[in-house]
Amino acid sequence: MTEARPPAAASASLWERDAEIATVTRALDVLCADRSSSGNLLVLRGEAGLGKTALLAEIRRIAERRGCTVWSTRGGETLRSVPFNVVRQLLQPALVSLLPEEAREYLGDWYDIAGPALGIAEPGEGHADPQGVCDGLVAAVRRLAKRYWPLVLLIDDAHWADQETLRWLAAFAERLDDLSVLVVVARRPGEVSGDGARHLDVVAAAAGAPVTNLSALTPDATAGLTRATLGRHADAPFCREVWAVTGGNPYETVELLAKVQDSEFDPVETHAGELRALNRSARGGGLVARLEGLGIDATKFAWAAAILGAGITVDLVAQLATMREDDARRCAEQLVGARILTEPDPAAARVENGDLEFVHPLIATAVYNSIPPAMRTAMHGIAAQVVTESGRGAAAASRHLLEVHPDEDEELVQQLREAAGEHLAVGAPDAARRCLERALVEPPLPEVHAHVLYELGCATLLTAPATTIDHLQTALAMPGLVGDKRIDAIVRLSQALLHNDQLEEAVRTVEAEAARQEPGPAKLRLQAVHFMWEGIHAGETTTPGRSDRLAELARTCTGRDNSERALLILRGFDALTHGENAEEVAELCDRALVNGRLAPGLGWTDTEWGIELLLMLANAYAYTDRLDRAEALYTEGLRAYETAGWSGGHLALAHAYVGLGHRRRGRLREAEASLRESLRLAERVGRGLPLYWSATCNLVDTLLARGHAEEAWEIAEQYGFAPPYPSTIVLPDPRSVRGRLLLAVGRTKEGINELEAAEKAAAARGHHNPVMVPWAVDLARALTTEDPARAARLATDARRQAERFGTDTAIGEALRCAAALETGQRAVRLAAQAVAYLEASPCQYEHAAARVEYGIAARSVAELNRGLALARSCGADGLVVRAREVLETGRGLR
């Protein structure tokens, strides 16, 4: 038992905390011993009043004595709707101490992404990506931790932290291995649900030691504390009653003993019966009665302080409570003397601490709940006005606006819309959603109602597509959205339907609106979106005449605006999937560019058209052997998303297609690295989405090319790369890749069945590009022994389609397949022709494979060595092994 403590009330919660302090001391020993030591995370959990805050204060004192930098922050029950509130408290003091150029230097590319969330930079235009902002905050702390080593981060009342902070904390907790920092998180059990609970579970799982569950004081410790506070003459029956009344809760024990001191009665058995009445006055209704006893002005002051919650200053409280400043100061002194308010600890000072804070969160909660509901609502309205007039902006006032009683207030609706825009600009869509949902309750004027619903749909587009659909459909059914705003709403609705796996309805939505429009830019945009959704649909059938209608529409397009450019891209991609001439495909795509670059408004982060269109463009170049242009587009997209801080699905797709570019080029090691990063990001977004399939399918394909079939199978099993397949097109064709995988691991019959399913699906869609949907060459090889006649027909058809398409890669691959089905000199001649085509192709892996196969067929040491060198440069380990085995055997080689 820890009894060697000073009798001050603040140290009461340190009784019987030796084990916790020892754990912290060991963690500090590791932190301070080596700048390269791994980070550590400790979690303290306990009910209200069990001493979490006091223990954190002691950790601060110990750490500062060891020379550590200590930053601290605290959640607030009434502040949970304020995005980034807790992480901003934690980091802003360190950042504001830096000059602007220093802060920009330390945060680097993350300054413009995380800076607005921290309040040290102005937000940019448009909506910030929440995952990107989260990653930016993680990077900010990591960089600052290196500057301020040894650094200790203390987070109190984490159960009351805002969702954005908890998301950052969970992400940061998982990346502590290579960062020397100590994080201590204190929270109550329960108190939070949904995403917040999930984030805190991640934090607990990342802790370096088991979660510490704080317990109440034992009777012996309570007796020791009682005697340390009231004197050694406190007798045993009195001490036992103190424990019985408080249940050993340290906070309640301290408050009760303070009341005993105020009452000046002796701590002996004859007065033990008075303890329960004293204890009731320290909490709940008793606390409220005690507050009312201080007078009306003091009560109004306490109410106003509880409404503010944080940043409590006498002048703000005076404005909110509508009292003179000298009266407010007198009330503040009264409340400090009554141990309801206190001055903040200077050592733990935070940016918005203000002049005062509540002695304990339990008191703050009791005072807030004691305010009559009507009065509380009115005071929140006044607080919103006070905060706005203080220059803090609509977002800062929004937590008060959310509590105001609905009253058809047009100005309030506008303020909430402005607040939502500010929240979206810093990457807090949940906060924006709350503001807009509250605006609807007001309700808005009829001519504004549809616009609020539209803005709400935009705020929830990426986070809740089903909700977005409802909002946008309702908005479009009301008067108000006209012109470009209506067209934009239709397009966003179709995007939400797509993300909600309702692709057919997305197609019908834009098709119906296009039919209502007169010829012009709006109609053309809708037609383009209609063709785009149809173009990525992977269903068993396609709309009759779709390609002909698209070709006819694109024939009139010169690329004079983005709608025409979009149609040219869509026509080019459609021609690609059908295996039309590659030169014509590339020419269509070239016409969609402006001086060889993406047109303004068609960039990777522009929201009017979306990522799907640009991926169609880049992939059209990739599969027509224009890999320089494809890779430039893939890399441009990746850099654009990284610079803009888009760390969700867009960045996952960008990495996947950068990986596809590497794979097409034959840089298999680089492809694998990019695709593993894509899969890591896709895991954060959610399994089953098209972007998840893009990462998994390409990684399996790359591992097969490397010759790592067993590892490819493990990836497929781990990440669900198996039927049913997604409703959108994935490149390369997942059925073809899975069929090849099954063949590679010896499941020949299953592999043949999968490739035949790929054949059927491709025929139904008219997809005859032998490079994009390469089922034919693999099926032909698999059927060589079982059905050589069919294998020969398949190889012949593949060659015919390849020659129609016309790229060196397609023809070379078809010739490789034909050579594999032959023997003797005919096999040698076909293999030599394959090498000739693939040598001219930019796809070096296929060239290496052709060289090795030609070397084996021709029994040529020189060709095998050339193939071996190419295979090594590609990272094609399987080809390397095959070539070496033949060379080492040496039989019949010349």
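The structure reproduced in this document is the subject of the present report. (Residues numbered from 1 in each chain as written. Predicted model: local features only at pLDDT ≥ 70, side-chain atom pairs only at ≥ 80, totals over all residues. Heavy atoms only, no water.)

Thoughts on the pattern of salt bridges
Pairs can form between side chains of opposite charge once their charged atoms are near each other.
Link 1 in the chain: Counted by the stated rule, this structure contains 57 salt bridges.
Link 2 in the chain: A salt bridge links Asp 29 to Arg 66; its shortest N-O distance comes to 2.9 Å. Here Asp 29, found in helix α1 (residues 18-33), pairs with Arg 66, found in the loop between α2 (52-65) and β2 (69-74); they are 37 residues apart in sequence, far enough to count as distant.
Link 3 in the chain: When its relative accessible area of 35% is taken as the criterion, Arg 66 is described as partly exposed. (Salt bridge = Lys/Arg side-chain N within 4 Å of Asp/Glu carboxyl O. Helix = DSSP H or I, 4+ residues; strand = E, 2+ residues; numbered from the N terminus. Buried < 20%, exposed > 50% of the residue type's maximum accessible area, 1.4 Å probe, protein only.)

Focus: the packing of aromatic side chains
Link 1 in the chain: One pass over the full model with this rule turns up 7 aromatic pairs.
Link 2 in the chain: Connected via pairs of aromatic rings, a cluster forms that spans Trp 693, Phe 721 and Tyr 725.
Link 3 in the chain: Sitting over the face of the ring of Tyr 368, Arg 376 holds its NZ or CZ atom 5.2 Å from the ring centroid.
Link 4 in the chain: Over the face of the ring belonging to Trp 609 we find Arg 525, whose NZ or CZ atom lies 5.8 Å from the ring centre. (Phe/Tyr/Trp six-rings, centres within 6.5 Å; stacked < 30°, edge-to-face > 60°. Lys NZ or Arg CZ within 6 Å of the ring centre and 35° of its normal.)

With respect to helix α29 (residues 582-591)
Link 1 in the chain: Three or more residues of α29 are buried, namely Ala 582, Val 585, Ala 586, Leu 588 and Cys 589. Viewed along the axis of α29, the buried residues span an arc of 155°, placing them on a single side of the element.
Link 2 in the chain: N-cap assignment for α29: the residue whose side-chain oxygen lies 2.9 Å from the backbone N of Glu 583 is Asn 581. (Arc of directions from axis to C-beta. Polar contact = N/O pair within 3.5 Å; in protein donor to acceptor, adjacent residues only side chain to side chain.)

Quick notes on a negative patch on the surface
Link 1 in the chain: A cluster of acidic side chains, namely Asp 407, Glu 408, Asp 409, Glu 410, Glu 411 and Glu 447, defines a negative patch on the protein surface.
Link 2 in the chain: Secondary-structure assignment places Glu 410 in helix α20 (residues 410-425).
Link 3 in the chain: Under the relative-accessibility criterion, Glu 410 is labelled exposed at 53%. (Patch = residues over 30% accessible without salt bridge, like charges linked within 9 Å, V, L, I, M, F, W, Y side chains within 5 Å. Areas by Shrake-Rupley, 256 points an atom, 1.4 Å probe, with all protein chains shown as cover. Lys, Arg positive; Asp, Glu negative; His and termini not counted. Charge placed at Lys NZ, Arg CZ, Asp CG, Glu CD.)

Overview of the nonpolar core
Link 1 in the chain: Grouped together as the largest cluster of nonpolar side chains are 161 residues, with contacts concentrated most on Trp 533, Val 700 and Trp 775.
Link 2 in the chain: The leading source of residues in this core is helix α30 (residues 611-623), at 11 residues.
Link 3 in the chain: Setting aside residues no more than four positions away along its own chain, Trp 533 makes contact with Ser 494, Gln 495, Leu 498, Leu 503, Ala 506, Val 507, Val 510 and Glu 612.
Link 4 in the chain: In terms of nonpolar packing, the next biggest core, distinct from the first, is built from 52 residues, Leu 144, Tyr 148, Ile 155 and Ala 171 among them. (Core = buried A, V, L, I, M, F, W, Y, C linked by side-chain atoms within 4.5 Å. Contact = heavy atoms within 4.5 Å.)

Observations concerning the sheet that holds strand β1 (residues 40-45)
By way of backbone hydrogen bonds, the strands of a sheet pair with one another, either parallel or antiparallel.
Link 1 in the chain: Judged by pairing direction, the sheet is parallel, and its 5 strands sit side by side in the order β2-β3-β4-β1-β5 without closing on themselves. Only two strands of the sheet have a single neighbouring strand rather than two, namely β2 and β5 (212-213).
Link 2 in the chain: With 6 bridges connecting them, β1 and strand β4 (residues 181-187) associate as parallel partners. Along β4, the bridge assignment pairs Val 43 with Val 185.
Link 3 in the chain: Along the sheet, α2 makes contact with β1, β2, β3 (151-156) and β4, crossing β3 at roughly 170°.
Link 4 in the chain: Packing against the sheet, helix α8 (residues 194-206) makes contact with β1 and β4, and its axis sits at approximately 120° to β1. (Pairing = 2+ DSSP bridges. Axes fitted to C-alpha atoms, helices over the stretch in contact; angles between N-to-C directions.)

What about helix α36 (residues 734-744)?
Link 1 in the chain: Taken together, the buried positions of α36 are occupied by Pro 734, Ser 736, Val 737, Arg 738, Gly 739, Leu 741 and Leu 742.
Link 2 in the chain: Of the surrounding secondary structure, the elements contacted by the buried residues of α36 are α34 (690-706), α35 (709-719), α37 (748-765) and α38 (775-782).
Link 3 in the chain: Looking one or two residues past α36, Gly 746 carries a phi angle of roughly 90°, positive in sign.

Section: the packing of α1 against α2
Link 1 in the chain: For the pair α1 and α2, the least separation of the axes is 11 Å and the interaxial angle reads 35°. Note that α1 runs across α2; the crossing there is right-handed. Judged by residue contacts, Glu 20, Ile 21, Val 24 and Leu 28 of α1 engage Leu 55, Glu 58, Ile 59, Ile 62 and Ala 63 from α2.
Link 2 in the chain: The class makeup of the residues in the contact of α1 with α2 is 7 nonpolar, no polar and 2 charged. (Left-handed = near helix turned anticlockwise from the far one by under 90°. Nonpolar A, V, L, I, M, F, W, Y, C, P; charged D, E, K, R; others polar.)

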